[in-house]
Amino acid sequence: MGKYLSELLTVTEQLFQSVSDNQPKWADVLPKGKFYEQDSFIAGKHNIDFAFHYKHGEFYKMGSVNMPVLINKKKSYAGLSDYYLGQIADYALEIWKCQITRTFVPVLYLRGCQLDLIVFTHTRYIQVEIGPISYDGSNVTDICLHYLSRSLCRLMFMLTLPSHEFGHFCDISQGAANFIKFTHRKGRRADGQESVLVDAVAAETNDGSMLETTENTCIYQNIPLCKMQSRVFKVEYQGNQAILKIAWKFANYIPEAAVYDALQTAKVPNTPVILDSGIINQNTFDCRLEYAVMEYAGAPLIDFTAEYRSSVNTGLYVRTNYTLTQVVGCLARAWQAGIVHRDVSRGNVLVRGKGSVTLIDWGYARLLSDGPADTYELATKWHYNKYDVACWEDRQNHCTGTPLYMSIPILVRSRYRTVVNDVESMFYVALEALSVIENNDKTPVALAMEDNISMAYVRRLCLASKDTYKERFGVYFQDEQLDETLSQLYDYLFTSEGKYIGHILVDDLEWERPVDINRLLQIAKIEPVLT
């Protein structure tokens, strides 16, 4: 069957060339095929039986594969078994690793004479029957020839589709997509500003690993975009250090760059400076591809303290206290603007130089319904439906965050999510940084990774005494200003009318801690807003 597919391509190309003297475009886009038979062309744990390669690609190169074909000669009547599904998934994963512009990966499954198309998206796979592509020489009827003709037409239609319409977010027909340039679309906005939608152009470069976002701005990274995930790279942008974040996200999530837009409009402090951002692919199988380039903001707080710690270093305690109050102030101001972060963790609190503090990774942030930031203008600009996002958020509200830093109510899956939960997360980030300063080799009991419910009960017990809870987090050093900040946050988070409420946070999922925004601003040493 592999040789049959090769001959089929050859005949089709000759047919295309014979119907016109002008070398029709069909022949230019028709891929080339190779039956690997006994040759070794490995994808994951398996050899590829047959592969359609892009016209300008090379054989034996995963980066040039249009569609691989898995051939099962024995069982034309059989469905897709787990064994063959696993083999096909290996093909898809290897292609996704090598082809950075993929939006989905199609794989052909030839079972006897029957051909199926299996499409792997970011969240699922879809199987579609194409039909028979050959018959036994005996007993071939007109109906058989009709089905055969229909199947071959379907196959050729897929093989001749432009790459940017079938499997990629840009055209890669001229070569491997190692160089990508994003260009903002002009004239798509009623207010005359640049569109957030971008056009992507791909080509091959000498070094084989370059990505460009604007003129004279090169990002030297080979970026594999697969599965539902984001990737962050330190890059050079217009001569300065910057961070590139490029991510596939569900289309019914709000774009992260839209959150940064809202934060900038509200003038929320200690948030990233965005240099460039856009949406590359609006919606493919309910997933969106977006990117943001932000100003370099330093290293995570815990890495900073680990690098400069010593037996006695009071400067780090001052720095930790300053970072803690700055982030609390940032979260409070964001809440006033109708934005809640929902993923405060050790890697998202960055410090740099002598005073810079930045809270990054607002990718799971929520715009509070009908809050100041939740506007139709923002939704129109960033191409999302605010009501679809709100419905999705209502179902997913408790699911975001990094478990080790989640607040106690979120660990036990409370449905209430406010700025208080984010402040509690920052409280744990600061305590972890302080434990690192004191050169603790063992993981403190309050910071040990367990399942969510167990961590909630451990935190409840560790925080029961205001006088001793810090020891449970591995913190023993005394600093007056830092102790004052921690004491104020402890009272705000874990007491009500002077009584400890840890048991309530664990046991009562319907209980919601009140938000006293002016009190938070006072802890952050920011002038409260008069009401």
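Structure: above.
Residues numbered from 1 in each chain as written. Predicted model: local features only at pLDDT ≥ 70, side-chain atom pairs only at ≥ 80, totals over all residues. Heavy atoms only, no water.

Novice: What am I meant to see in the overall build of the protein here?
Specialist: Helix and strand counts for the protein stand at 16 helices and 23 strands. The proportion of buried residues among the 531 residues of the protein is 53%. In the protein, once contacts between residues fewer than 6 apart in sequence are set aside, the share between residues at least 24 apart is 62%. With an accessible surface of roughly 25000 Å², the protein has 50% of that area assigned to carbon and sulfur atoms. (Helix = DSSP H or I, 4+ residues; strand = E, 2+ residues; numbered from the N terminus. Buried < 20%, exposed > 50% of the residue type's maximum accessible area, 1.4 Å probe, protein only. Contact = heavy atoms within 4.5 Å. Areas by Shrake-Rupley, 256 points an atom, 1.4 Å probe, with all protein chains shown as cover.)

Novice: Looking at this model, I keep getting lost on the pattern of salt bridges. Mind explaining?
Specialist: Opposite charge on two side chains lets them pair, provided their charged atoms get close. Within the structure shown, the criterion is met by 14 salt bridges. We note a salt bridge from K245 to E256, for which the minimum N-O separation is 2.8 Å. With K245 in strand 14 (residues 240-250) and E256 in helix 5 (residues 256-265), this residue pair connects regions lying 11 residues apart in the sequence. Judged by its relative accessible area of 11%, K245 is buried. Residue classification places E256 among the buried positions, given a relative accessible area of 5%. Notably, a salt bridge pairs K381 with D261, separated by 2.6 Å at the nearest N-O pair. Here D261 lies in helix 5 and K381 lies in helix 8 (residues 376-381), a separation of 120 residues in the sequence. Of the two residues, K381 and D261, both sit in the buried class. It is possible to trace a salt-bridge network through shared partners that takes in R111, D116 and E129. (Salt bridge = Lys/Arg side-chain N within 4 Å of Asp/Glu carboxyl O.)

Novice: Mind showing me how you'd approach the side chain of S163 here?
Specialist: Mapped onto the elements, S163 comes out in the loop between helix 4 (142-159) and strand 9 (179-184). Of the polar contacts made by the side chain of S163, one reaches the side chain of D171; its length is 3.0 Å. In contact with S163, not counting residues within four places along its chain, are Y54, H168, C170, D171, I172 and S173. (Polar contact = N/O pair within 3.5 Å; in protein donor to acceptor, adjacent residues only side chain to side chain.)

Novice: Looking at this structure, I do not really get unusual backbone geometry. What am I missing?
Specialist: With the exception of glycine, most residues fall at negative phi, and the peptide bonds are largely trans. Unusually for a residue other than glycine, R342 sits at a positive phi of about 75 degrees. Inspection of the secondary structure assignment puts R342 in the loop between strand 18 (339-340) and strand 19 (349-352). Residues other than glycine seldom take positive phi values, yet K525 does so here, at roughly 60 degrees. Along the chain, K525 falls in the segment after helix 16 (517-523).

Novice: Would you take a moment to explain the environment of M156 for this structure?
Specialist: Tracing the chain through its elements places M156 in helix 4. Residue M156 is classed as buried on the basis of its relative accessible area of 12%.

Novice: Before we go on, may I ask you to explain the packing of helix 7 (residues 314-336) against helix 11 (residues 419-437) in this structure?
Specialist: The packing of two helices is summarised by the inter-axis angle and the distance between the axes. Remark: helix 7 packs on helix 11, axes separated minimally by 10 Å, with the N-to-C direction vectors making an angle of 170 degrees. Comparing their axes, helix 11 and helix 7 come out roughly antiparallel. Listed contacts from helix 11 to L316, Y317, T320, T323, L324, V327, V328, L331, A332 and W335 of helix 7 are V419, D422, V423, M426, A430, L434 and I437. Considered class by class, the residues forming the contact of helix 7 with helix 11 number 14 nonpolar, 2 polar and 1 charged. (Axes fitted to C-alpha atoms, helices over the stretch in contact; angles between N-to-C directions. Parallel < 35°, antiparallel > 145°, perpendicular 65-115°, else oblique. Nonpolar A, V, L, I, M, F, W, Y, C, P; charged D, E, K, R; others polar.)

Novice: Help me out: how do you make sense of the pairing of strand 16 (residues 287-295) in this one?
Specialist: Side-chain direction in a regular strand flips from residue to residue, so the side chains alternate between the two faces of the sheet. Here strand 16 lies mainly inside the structure; 8 of its 9 residues are buried. Strand direction decides the pairing type here: strand 14 and strand 16, joined by 9 bridges, are antiparallel. Residue pairing in the sheet places K245 in a bridge with A292 of strand 16. The pairing of strand 15 (residues 274-284) with strand 16 spans 7 bridges and is classified as antiparallel. Paired with N281 across the strands is L289, a residue of strand 16. (Pairing = 2+ DSSP bridges.)

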